[in-house]
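Each chain, letter by letter, is given below.
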Amino acid sequence: MRALTWHGKHDVRVDTVDDPEILNPRDAIIKITSTAICGSDLHLYDGYIPTMQAGDILGHEFMGEVVETGPKSTLQKGQRVVVPFTIACGSCYHCGKHQYSACDNGNPADNQDIGREMYGQPMSGLFGYSHLTGGYAGGQAEYVRVPFSDVGPIVVPDGLDDDEVLFLSDILPTGWQAAENADIEPGDTVAVWGCGPVGLFAVQSAFLMGAKRVIAIDHFPHRLELAKKFGAETINFEESKTYEALMDMTGGIGPDAVIDAVGLEAHGFFVDNVIDQIKATMFLGTDRTHSIRQAIHACRKGGRVSMPAVYGGFVDKFPLGAFMEKGLTLKTGQTSVQHYMPALLNAIVEGKIDTTFLISHRMPLEQAPEGYKMFHDKQNEVTKIVLKPGMDLAQAA
Ligand SMILES: NC(=O)c1ccc[n+]([C@@H]2O[C@H](COP(=O)([O-])OP(=O)(O)OC[C@H]3O[C@@H](n4cnc5c(N)ncnc54)[C@H](O)[C@@H]3O)[C@@H](O)[C@H]2O)c1
Ligand SMILES: [Zn+2]
Ligand SMILES: [Zn+2]
């Protein structure tokens, strides 16, 4: 089959690789109909995530048709399913608490030592996201093997297009969990750093959870416009100073809750960000944590910090003093997608959440390397790329 493979920094290729096979009784094989490129994929593309190997198949946002099932899969051939990017067994201690992204069995045992050493406990399994998370082949391919197919995938009701439901695989539940982790109370003012897909879904979710005002921060005008469409006020950090603007907008109090939807590749010519950048270049660190530092600095006393953004390593200049003295709380984590999928599917069916606004480009899988480059280089215009195996070039838009 054809699949998008990683070969090093800024080097991804569509190669011919072996077709996936059923390995465990609970597996299913899915024929991919749509798969998206994520901001998290850019962290791999830019070489920031350790334990990648040449030839790894990328992609963790995908959906398609069931074409093969193991004897213990509950899926049936021909069903259309969306697959969560987190691989979870459904029955371990953490799955029992609906913390699917902390599943103890999603990551094969012989892979668990790296996470244990780095983080104290092994990470759970994720599709297409390094050997730290299991080394699973991802879904930017014609076919993918889905482990624990009786737990993760959700069957799509008739009448819904791929475009409407694809983002249930990651970014919609991630934006939702980000807002939920902000413990929003009716009337709150919530500030969201980053108007990428995750930030934009966090904006929509925050309003649905009762926020009175949402303030969205970025520097790409088109992305800020999208946030405005959903009712957010905006700050362009290249035109105004974010902290000062937030204080002005909140009568000097600061936002009740802050959400960092930027992550380890923060943009901007800020002193701390430049130092982080130099350290990354010299292999002295990986994470550029400007946005979470600023979010903590701006948050009101007693406020809540939610961090869906991905960070990987050890950081310095973390404002621990501000965090303690202001009495803040922080919630974060990879998204427990399985927990949110059914309710969010209903929200889509009922028209409460708009998902299709985000897609700026549809391309054949064969053009995935160009897609990665565009998503990396032109973030203003390119908000989300959906790859479709077998798509005719003439249909690309
Ligand atoms: N927790 C999870 O399970 C999960 C799932 C998906 C994505 N993520 C992470 O969420 C983050 C966002 O994902 P995305 O797909 O929206 O990414 P993205 O790269 O499309 O968007 C990030 C946005 O942040 C903006 N930004 C950069 N520096 C900024 C700054 N200093 N202040 C304000 N905005 C700034 C960028 O301009 C961009 O629009 C990434 O770190 C991604 O890895 C986490
Ligand atoms: Zn993603
Ligand atoms: Zn589990």
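All values derive from a computational prediction rather than experimental measurement.

*Asks:* Pulling in residues and values, what's your account of the overall build of the protein chain?
*Replies:* Check the secondary structure of the protein chain and you find 13 helices and 18 strands. With the principal axes as the frame, the protein chain shows a C-alpha extent of 60 × 45 × 45 Å. Put simply, 73% of the contacts in the protein chain that link residues at least 6 apart link residues at least 24 apart. Total accessible area on the protein chain is roughly 16400 Å²; 52% of this is exposed by carbon and sulfur atoms. Seen as two clouds, the 32 positive and the 50 negative side-chain charges of the protein chain have centres 4 Å apart.

*Asks:* Summarise the coordination of the zinc ion (ligand 2); cite the residues concerned and give the values.
*Replies:* The coordination sphere of the zinc ion (ligand 2), as far as protein atoms go, consists of Cys38 (SG), His60 (NE2), Glu61 (OE) and Asp170 (OD), spread over 1.9 to 2.3 Å. One way to put it: the four donor atoms around the zinc ion (ligand 2) meet at angles of 90 to 133 degrees, and that makes the site tetrahedral. Considered as a linear motif, the donors of the zinc ion (ligand 2) on their single chain read C-x21-H-E-x108-D. Of this pair, Glu61 sits in strand S5 (residues 61-69) while Asp170 sits in the loop between helix H4 (162-165) and helix H5 (171-181), and the two are 109 residues apart along the sequence. Residues Glu61 and Asp170 agree in their burial class; the two are buried.

*Asks:* Run through the coordination of the zinc ion (ligand 3), naming residues and quoting values.
*Replies:* Where a metal carries four tetrahedral donors, each ideal angle is 109.5 degrees; where it carries six octahedral donors, the ideal angles are 90 or 180 degrees. Within the protein, Cys89 (SG), Cys92 (SG), Cys95 (SG) and Cys103 (SG) serve as the donor atoms for the zinc ion (ligand 3), at 2.3 to 2.5 Å. Every donor counted, the four donor atoms about the zinc ion (ligand 3) form angles of 102 to 117 degrees at the centre, which fits tetrahedral coordination. Mapped onto the sequence, the residues coordinating the zinc ion (ligand 3) show the spacing C-x2-C-x2-C-x7-C. Remark: Cys103 occurs in the loop between helix H2 (93-96) and helix H3 (112-119) and Cys89 occurs in the loop between strand S7 (86-87) and H2; sequence separation between them is 14 residues.

*Asks:* Mind laying out the site of ligand 1, listing which residues take part and the relevant values?
*Replies:* Within the structure, ligand 1 sits among 31 residues, and Ser40, Asp218, His267, Pro308 and Thr335 are positioned closest to it. Contact distances for ligand 1 include 2.8 Å between a nitrogen atom and a backbone N or O atom of His267. Separating a nitrogen atom of ligand 1 from a backbone N or O atom of Pro308 is a distance of 2.8 Å. With the chains in place, 98% of the 870 Å² that ligand 1 exposes on its own is no longer accessible. According to the grid-proximity analysis, the pocket containing ligand 1 is the second largest pocket. Where the shell around ligand 1 is concerned, the elements lending two or more residues are helix H1 (39-45), helix H6 (197-208) and strand S12 (213-218). Three or more residues apiece are contributed to the shell around ligand 1 by two domains, here domain 1 (2-170 + 336-395) and domain 2 (171-332).

*Asks:* For the sheet that holds strand S13 (residues 233-236), give the residues involved together with the corresponding values.
*Replies:* Strand pairing in a sheet relies on backbone hydrogen bonds. The paired strands run either parallel or antiparallel. Judged by pairing direction, the sheet is parallel, and its six strands sit side by side in the order S13-S12-S11-S14-S15-S16 without closing on themselves. The strands lining the two open edges of the sheet, one partner per strand, are S13 and strand S16 (329-332). Each adjacent strand pair in this sheet contributes to an overall mean axis angle of 20 degrees, direction not counted. Contacts from H6 reach strand S11 (189-193), S12 and strand S14 (257-260), with the element oriented near 170 degrees to S12.

*Asks:* An account of the layout of surface pockets is needed here, citing residue identities and associated values.
*Replies:* The space that makes up the largest pocket amounts to roughly 1200 Å³. As for the largest pocket, its lining consists of 42 residues, and the residues nearest its centre are Met123, Tyr311, Thr332, Gly333 and Gln334. Listed by contribution, the elements that provide at least two residues to the lining of the largest pocket are H3, H5, S16 and helix H12 (337-349). Residue composition of the lining of the largest pocket, by class: 22 nonpolar, 19 polar and one charged. No fewer than three residues from each of domain 1 (2-170 + 336-395) and domain 2 (171-332) sit in the lining of the largest pocket. Space inside the second largest pocket adds up to approximately 870 Å³. Lining of the second largest pocket is provided by 48 residues; of these, Gly39, His43, Ala261, Val262 and Gly263 occupy positions nearest its centre. Of the residues forming the lining of the second largest pocket, the biggest block, four residues, is contributed by H1. The class makeup of the residues in the lining of the second largest pocket is 21 nonpolar, 19 polar and eight charged. When residues of the lining of the second largest pocket are assigned to domains, at least three map to each of domain 1 (2-170 + 336-395) and domain 2 (171-332).

*Asks:* So what about the side chain of Asp170? Which residues, and what values?
*Replies:* No salt bridge is formed by the buried Asp170; its nearest oppositely charged neighbour, Lys384, is found at 6.4 Å. A polar contact is formed between the side chain of Asp170 and the side chain of Thr174, at a distance of 2.7 Å.

*Asks:* So what about the domain arrangement of the protein chain? Which residues, and what values?
*Replies:* Domain parsing of the protein chain yields domain 1 (2-170 + 336-395) and domain 2 (171-332). A C-alpha centroid distance of 25 Å is found between domain 1 and domain 2. Taken residue by residue, the interface counts 33 residues in domain 1 and 29 residues in domain 2. Buried surface at the junction of domain 1 and domain 2, summed over both partners, amounts to about 2600 Å²; 63% is from carbon and sulfur atoms. Looking at the side of domain 1 facing domain 2, the largest losses of area belong to Tyr48, Tyr340 and Phe357, adding up to 26% of the total buried there. At the surface where domain 1 touches domain 2, the tally comes to 13 residue pairs in polar contact (both at pLDDT 80 or more).

*Asks:* Summarise the pairing of strand S17 (residues 361-364); cite the residues concerned and give the values.
*Replies:* For S17 and strand S18 (residues 385-388), the ladder comprises four bridges, and the chain directions are parallel. Considered in S18, the bridge of Pro364 is made with Lys388.

*Asks:* Explain the nonpolar core residue by residue, including any values.
*Replies:* Grouped together as the largest cluster of nonpolar side chains are 96 residues, with contacts concentrated most on Phe167 and Leu168. The element that contributes the greatest number of residues to this core is H12, accounting for seven residues. The residue makeup of this core includes at least three contributed by each of domain 1 (2-170 + 336-395) and domain 2 (171-332). Setting aside residues no more than four positions away along its own chain, Leu168 makes contact with Val82, Pro173, Val337, Met341, Leu344, Leu345 and Ile348. In terms of nonpolar packing, the next biggest core, distinct from the first, is built from 20 residues, Leu75, Cys95, Phe127 and Val146 among them.

Rules used throughout
Residues numbered from 1 in each chain as written. Chains lettered and ligands numbered in written order. Predicted model: local features only at pLDDT ≥ 70, side-chain atom pairs only at ≥ 80, totals over all residues. Heavy atoms only, no water. Helix = DSSP H or I, 4+ residues; strand = E, 2+ residues; numbered from the N terminus. Contact = heavy atoms within 4.5 Å. Areas by Shrake-Rupley, 256 points an atom, 1.4 Å probe, with all protein chains shown as cover. Lys, Arg positive; Asp, Glu negative; His and termini not counted. Charge placed at Lys NZ, Arg CZ, Asp CG, Glu CD. Donors = N, O, S within 2.8 Å, 3.2 Å for Na, K, Ca; no water. Tetrahedral: all angles 85-135°; square planar, octahedral: opposite > 155°, others 65-115°. Buried < 20%, exposed > 50% of the residue type's maximum accessible area, 1.4 Å probe, protein only. Near = heavy atom within 4 Å. Polar contact = N/O pair within 3.5 Å; in protein donor to acceptor, adjacent residues only side chain to side chain. 1 Å grid on protein atoms, 1.4 Å probe; cavity = no way out; pocket = protein on both sides within 12 Å on 5 of 7 lines; lining within 4 Å. Sits in = over half its atoms within 2 Å of the grid points. Domains from an automatic or database assignment. Pairing = 2+ DSSP bridges. Axes fitted to C-alpha atoms, helices over the stretch in contact; angles between N-to-C directions. Points joined across faces, edges and corners; volume = space filled by probe spheres on them. Nonpolar A, V, L, I, M, F, W, Y, C, P; charged D, E, K, R; others polar. Salt bridge = Lys/Arg side-chain N within 4 Å of Asp/Glu carboxyl O. Buried area = accessible area lost by both parts, 1.4 Å probe. Core = buried A, V, L, I, M, F, W, Y, C linked by side-chain atoms within 4.5 Å.

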